[in-house]
Structures are given as C-alpha cells and as structure tokens.
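# Analysis of the macromolecular model
The primary structure of each chain is shown beneath.
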Amino acid sequence: KYPIRSESTRAKMYYIEPVKYLKNLSLVWYMPEKFADALDSQPEKVVCHVLGNEGENSLLAELKKNHLAESLSCGSFKLGPGNQLFYVDIDLTDDGIKYVDEVIEKVFQAIADLRDSGIPKYLFDDVQQISRIKYRYKNREEIFESLMKEAMKLPYEHAETFPLKTDIVQNFDPLLIKEFIDFLTPWNAEFFMMAPPSLTHVEPDTTEKWLGVKYAMRPIAKNQMEMWQKALAVNEIKIPLQNHFIPKDLSILHAIDV
C-alpha cells in the first residue's frame, strides 16, 4: 500500500478552474486498507445506497428543496492494492456555490443520520438484490468499453470467482459498515470545488504540473471544520425505507394461450 494523502491537504478546499462550465463539489475520502480489501462485504456499496438515494427525505431531496443542488452521485473505486477512494459528488446551483458551507453541512448531517440509525438488514438486502439484477441483466456495451471495465476488476478478485464477488456483494457485515461510516469525517475528507472563478470568487494561482489544470488551495477555518464535525442528524434527511418494488423472483413467466 502506498500513502496517497498528505497532511498538508487536511482542512483545505481546492478551487479548480474547469474547461467546461461546471459547478461541482466533491467530498473525497481515501479509505483505510481494511475497507479496500473487504471484497465480500463491500461496505461502500451499502453506504452509497443511502447517501446517493434520490427519494423522499434523502440528502439530494433536501438540497433540491433549498435550491442548492441539481444532482448527486456517490461511489468508490480502487487506486491500487489496499487503496480505495470514496466520494460524494454534487452538481450545484449558483446558490449552492454561494452557500457551499451549508451544502457540506447537509452532507455530514446525512452521514450523522446514517451513523445514528445504523444499517438495517433490509438496506443490505436491497443492495444485494439490485446487484444481482444488474449482474444477470447487463446492458449491452461496446466490446472495448466492456473489456476495460472487466480488466480494472481483475487484480482484486481470484479467477475462480471472478467477477461474481466484485459485482454482487456477498456478506452483511454491520460492524465493518459502522467503522466505514465513522471514518467519513470532515478531518478525513478532501474538498474540491470545480466551478468558474467568477462564481467562486477565488482566482487560480497554481498550475498542475502534468495536465496544466489551474487551481487554488485555500484553508478551511477550524471553527467551520469543527461545526461540520459536530453535525447532527435532522428530521429532513433520513435513511430510505425498504424498497418493496425490487423484484425478488427473476424467472420469466411463459405466456398462457387463452
């Protein structure tokens, strides 16, 4: 395992000048090795099922209600052996950029609710069944794109099961999920704002070496970090209820001639 994060980036906001007209906020966590190697339980998929939910009383619903965001995504990917990145991406409105501290606070309120509520078994069951359906009924893709996706999974699963364990979460591990959620703190996060300087009012002062991306790094006030750290669950953001519309029986019924 190679260290990815530097202490110099803690409690900093990166303001990145985009080539296209984007208004995106990313919260990123570089997860400990134990989570990157948890192939059977994959706690990141269960946590993303909650944070990325778009239904009633979800994080996205609350952001939209306050005209702060247009869309939200959550996910993870491996950067190499023992290295895993977990992220929450939010496409902001102009108000979302203006009140970005409030947007981030709501993210940590959602995490606080998840931490307080725990992960009911039905959430894992929903995630597992959805992954089974996606595994069995995959969308058609260009062959090159499909091969690239499969090749990226190969180093992390033994050939005798590949790609079953990667694609379908196998075991419910509530303790490991709790530890995963506990790691999602402001002090463990990296913060990236990708938006035009005319909206952020932060002019880039540095150019990235390899791709020539212009950006600026600004410290986040300690009292603001502590406020996010102390964020509490709120009634407006709650974990989703069980989805009774996910099919359990995937067999195909034959038409009966009348």
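So, here is what we can say about the structure in this document. Starting afresh in each chain, residues are numbered from 1 along the sequence in its written order. Local features in this predicted model are restricted to residues of pLDDT 70 or higher, and side-chain atom pairs are both shown and tallied only at a pLDDT of 80 or more, whereas totals for entire chains, interfaces and linings draw on every residue. Neither water nor hydrogens contribute to the side-chain values; these are computed over all heavy atoms in the structure.

### Side note on the state of the cysteines
Our working definition of a disulfide is a cysteine sulfur pair at a distance within 2.5 Å. Under the criterion given, the structure shown has 1 disulfide. Shown here is the disulfide that connects Cys48 with Cys74, its sulfur atoms set 2.1 Å apart. Taking the torsion about the S-S bond as the criterion, the Cys48 to Cys74 disulfide, at about -80°, is left-handed. Of this pair, Cys48 sits in helix α2 (residues 43-51) while Cys74 sits in strand β3 (residues 69-80), and the two are 26 residues apart along the sequence. When its relative accessible area of 13% is taken as the criterion, Cys48 is described as buried. A helix here means a DSSP run of H or I that spans at least four residues, while a strand means a run of E at least two residues long, and both kinds are numbered starting from the N terminus. Accessible area is worked out with a 1.4 Å probe on protein chains only. A residue is then buried under 20% of its type maximum, exposed over 50%, and partly exposed in between.

### Concerning the side chain of Gln128
Within the secondary structure, Gln128 sits in helix α6 (residues 121-136). Any two residues whose heavy atoms approach within 4.5 Å at even a single point are treated as in contact. Not counting chain neighbours up to four residues away, the residues in contact with Gln128 comprise Ile168, Val169 and Gln170.

### Some details on helix α11 (residues 222-229)
It helps to recall that an α-helix has 3.6 residues per turn; residues three or four apart then point in one direction. Among all positions of α11, only Gln224, Met225 and Trp228 are buried. In an axial view of α11, the angular spread of the buried residues amounts to 100°, which keeps them on one side of the axis. Pointing more than 90 degrees away from the buried face of α11 are the exposed residues Lys222 and Asn223. Residues of α11 that are buried sit in contact with α5 (100-117) and β5 (189-194). For this quantity, the arc is that covered by the directions from the helix axis to the C-beta atoms.

### Thoughts on the sheet that holds β3
Taken in spatial order, the 7 strands of this open sheet run β3-β4-β2-β5-β1-β7-β6, and their pairing is mixed. The open sheet has two free edges, formed respectively by β3 and β6 (206-207), since each of these has just one partner strand. We call two strands paired when DSSP finds no fewer than two bridges between them. Relative to strand β4 (residues 83-92), strand β2 (residues 24-31) is paired through 8 bridges, and the arrangement is antiparallel. Paired with Asn24 across the strands is Asp91, a residue of β4. Relative to β2, helix α9 (residues 174-183) is tilted by about 125°, and along the sheet it contacts β2 and β4. Angles here are taken between N-to-C directions and fall from 0 to 180 degrees, while the axes themselves are lines fitted to C-alpha atoms, restricted in helices to the stretch in contact.

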